[in-house]
Amino acid sequence: MKTIYLDADFCCHVAPGDGLTAVEAKAFDGKCDAYIEGYRFVPSGKTWVREDGAIFAGEMIAPWKPWDELDKAQREYERQLVAEYEAALQEIEEALGV
Amino acid sequence: MGNCFLHGNAGGESGGLILQFIGSMTAPSNPKENMIWVKTDRAITQFLITRSVGAWTQIAGAVEMVYEASDDYTMTGISTLFFNGKLHGTYGQAWFKPTGLYQSDGAKANPKDAYIYKSGTWVQFSSEKYVVFEAGKGLSAGLTGFSNATCNSNTIVGKNPLYAGPGNGDAIISREKIDVTQYKTATFSGINCGFNGNGNANSSSISAFVGGASTTIASAITSGGATLASNKTVTVDISNVTGSVEFGFRTYSSATYAVSFKNFNLNGIVFS
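Cut-offs used in this document
Residues numbered from 1 in each chain as written. Chains lettered and ligands numbered in written order. Predicted model: local features only at pLDDT ≥ 70, side-chain atom pairs only at ≥ 80, totals over all residues. Heavy atoms only, no water. Helix = DSSP H or I, 4+ residues; strand = E, 2+ residues; numbered from the N terminus. Buried < 20%, exposed > 50% of the residue type's maximum accessible area, 1.4 Å probe, protein only. Contact = heavy atoms within 4.5 Å. Areas by Shrake-Rupley, 256 points an atom, 1.4 Å probe, with all protein chains shown as cover. Disulfide = S-S within 2.5 Å. 1 Å grid on protein atoms, 1.4 Å probe; cavity = no way out; pocket = protein on both sides within 12 Å on 5 of 7 lines; lining within 4 Å. Points joined across faces, edges and corners; volume = space filled by probe spheres on them. Nonpolar A, V, L, I, M, F, W, Y, C, P; charged D, E, K, R; others polar. Phe/Tyr/Trp six-rings, centres within 6.5 Å; stacked < 30°, edge-to-face > 60°. Salt bridge = Lys/Arg side-chain N within 4 Å of Asp/Glu carboxyl O. Polar contact = N/O pair within 3.5 Å; in protein donor to acceptor, adjacent residues only side chain to side chain. Core = buried A, V, L, I, M, F, W, Y, C linked by side-chain atoms within 4.5 Å. Buried area = accessible area lost by both parts, 1.4 Å probe. Pairing = 2+ DSSP bridges. Axes fitted to C-alpha atoms, helices over the stretch in contact; angles between N-to-C directions.

Caption draft 1: Looking closely at the overall build of chain B. Helices and strands together make up the secondary structure of chain B, namely one helix and 25 strands. Looking at the 272 residues of chain B, the share that counts as buried comes to 48%. Sequence-distant contacts, at least 24 apart, represent 65% of the contacts inside chain B between residues at least 6 apart. As displayed, chain B offers around 12000 Å² of accessible surface, 48% of which is attributable to carbon and sulfur atoms.

Rendered as structure tokens:
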């Protein structure tokens, strides 16, 4: 479960700040900061009104930035993680002389 | 209201194909053959007849009509930029068929209901909604169904039960992806779902998703039985989900041993 911080429009932030409300959200477990901060999270019991008047009830997560950009950022983040794990594994293997 | 005329090559401006665009929330009176009615309350500022949408997305009120034609060569000769004027083209023996129509709100091209008047009847060729599944009609043409679910003409029925726990559980996922770029809202309706915690302490949920957007249909914490949804409707904001994406339903539970989402079914999915 990840702690994120919501502004008045339910947009997500990864760090606390003035006017931000902390919430726990499992939806963003494993997600990079760039991905999280492109999302809106409407908690259960709350509603968000889109600029055209459509009303959405929580719990809802929906991108407010273009999702393909967020998806690319997340995939790059995961690629970097895999590269780091592989580098660490190689170091271990070298240390063990395997 | 705006006017556009597209002429064929039969003797210049007499005979041939003539298209006239009318923007109105009600069907135009005294329509002429091939008149195009765009159901809109936004003034039509410009018209474009095109193979693909997007050239005038930033021009509020601009209408782009997408077409198919028998001969690309003849259609490329058409000047597609005009304003309240006349559009001339050369065809030979070509056919032309409108397949979609969009109107810009200044930021995005939105699909609109649009009709062409043919032999005394308004024939719809564009819809502002994509009805993925509708009771009585079943799945939209071109779609074959979902993993972990069956479809009949009235209902999408999930595998019974859907198990979850610990972590992400059984999911119902569309076999085909749908391009949702032009849509803002996904609506899932007529949802029914039962639950049994199977004696586990748990925090469980079932959600509807479209690409990277999702909404929780219902949650449960009981170790016993419960009704999670009865003829329920949920909506998801997909205004920033673009491209071809999967959609469907996901389950989750924190339970150590699997919980059951029982008799999950629904009868409506619409992108609008």
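Here the narrative resumes, following the displayed structure.
Caption draft 2: Spatial organisation of the state of the cysteines. Tallied over the entire structure, the rule returns zero disulfides over all chains. For Cys11(A), which is in no disulfide, the shortest distance to another cysteine sulfur is to Cys12(A) and amounts to 7.3 Å.

Caption draft 3: Up close: the layout of surface pockets. Reported here for the largest pocket is a volume of approximately 1300 Å³. Looking at the largest pocket, it is lined by 46 residues, and the ones nearest its centre are Lys26(A), Ala27(A), Ile61(A), Ser214(B) and Arg250(B). When contributions to the lining of the largest pocket are tallied by element, the ones reaching two or more residues are β3 (21-25) and α2 (67-96) of chain A together with β16 (167-173), β19 (204-210), β20 (213-220), β22 (244-245) and β23 (247-253) of chain B. In terms of residue class, the lining of the largest pocket is built from 16 nonpolar, 18 polar and 12 charged. Roughly 400 Å³ of volume is contained in the second largest pocket. Forming the boundary of the second largest pocket are 15 residues, of which Glu51(A), Lys108(B), Lys184(B), Ser239(B) and Asn240(B) lie nearest the centre. Grouping the constituent residues of the lining of the second largest pocket by class yields three nonpolar, four polar and eight charged.

Caption draft 4: Focus on the environment of Ala201(B). Within the element layout of this structure, Ala201(B) appears in the loop between β18 (185-196) and β19. Residues Ala201(B) and Val66(B), spaced 135 residues apart in sequence, show a C-alpha to C-alpha distance of 55 Å.

Caption draft 5: Region of the structure containing the packing of aromatic side chains. Residues and elements named next belong to chain B. Tallied over the entire structure, the rule returns 16 aromatic pairs over all chains. Ring plane angle 40 degrees and centroid distance 5.1 Å describe the contact between Phe21 and Phe47, whose orientation is recorded as tilted. Taken as a pair, Phe21 in strand β2 (residues 20-24) and Phe47 in strand β4 (residues 47-50) lie far apart in primary sequence, 26 residues in all. Looking at Phe47, the relative accessible area reads 0%, which means it is buried. Here the aromatic cluster, defined as three or more aromatic residues joined through ring pairs, consists of Tyr130, Phe146, Tyr183, Phe247 and Phe271.

Caption draft 6: Spatial organisation of the pattern of salt bridges. Applying the stated criterion to the full structure yields eight salt bridges over all chains. For Arg40(A), the salt bridge is made with Asp9(A), and the minimal N-O distance between the two is 2.8 Å. Taken as a pair, Arg40(A) in strand β4 (residues 39-42) and Asp9(A) in the loop between β1 (2-6) and β2 (12-13) lie far apart in primary sequence, 31 residues in all. Among the charged side chains, a network of salt bridges with common partners joins Arg50(A), Asp52(A) and Asp237(B).

Caption draft 7: Examining the side chain of Gln74(A) more closely. All names here are of chain A. If you trace the backbone, Gln74 turns up in helix α2. What makes Gln74 buried here is its relative accessible area of 4%. One polar contact links the side chain of Gln74 to the main-chain amide nitrogen of Cys32, over a distance of 2.8 Å. Beyond its immediate sequence surroundings of up to four residues, Gln74 is in contact with Gly30, Lys31, Cys32 and Tyr35.

Caption draft 8: Fine view of the nonpolar core. Judged by nonpolar contacts, the single largest core of 61 residues is most densely connected at Phe28(A), Phe188(B), Ile217(B), Ile238(B), Phe264(B), Ile269(B) and Phe271(B). Broken down by element, this core gets its largest block of residues, five residues, from β18(B). Setting aside chain neighbours within four positions, we find Phe28(A) in contact with Lys2(A), Ile4(A), Cys12(A), Tyr35(A), Ile36(A), Tyr39(A), Phe41(A) and Ile61(A).

Caption draft 9: Empty space enclosed by the protein, seen in detail. Residue and element names in this part refer to chain B. All chains considered together, the criterion is met by one cavity of 30 Å³ or more. Roughly 30 Å³ of volume is contained in the largest cavity. Residue lining of the largest cavity: Val132, Leu139, Leu143, Gly145, Phe146, Ser174, Arg175, Glu176 and Phe247, and that is the complete set. Among the residues forming the lining of the largest cavity, the class breakdown is five nonpolar, two polar and two charged.

Caption draft 10: Seen up close, the interface of chain A and chain B. Taken together, the 19 residues of chain A in the interface contact 18 residues of chain B. For the chain A and chain B pair, buried surface summed over both sides reaches about 1300 Å², with 48% attributable to carbon and sulfur atoms. Summed over the three residues of chain A that lose the most area to chain B, namely Lys26(A), Arg50(A) and Trp67(A), the buried surface amounts to 35% of that side. For the interface between chain A and chain B, the tally reads one salt bridge. The salt bridge partner of Asp237(B) is Arg50(A), with a shortest N-O separation of 2.8 Å. At the boundary of chain A and chain B, one finds 10 residue pairs in polar contact (both at pLDDT 80 or more). In terms of residue count, the dominant contributor to the side of chain A that touches chain B is strand β7 (residues 60-63) of chain A (four residues). Per-class residue counts for the side of chain A that touches chain B are 12 nonpolar, no polar and seven charged.

Caption draft 11: Fine view of the sheet that holds β20(B). Read from one edge to the other, the open sheet built from six strands follows the order β4(A)-β7(A)-β20(B)-β19(B)-β23(B)-β16(B), with strand pairing classed as antiparallel. Looking at which strands have only one partner, the edges of the open sheet turn out to be β4 of chain A together with β16 of chain B. Direction aside, neighbouring strands of the sheet carry axes that sit 15 degrees apart on average. Sheet analysis places β19(B) next to β23(B), joined by seven bridges and oriented antiparallel. Looking across to β23(B), one finds that Ala208(B) is bridged to Phe249(B).

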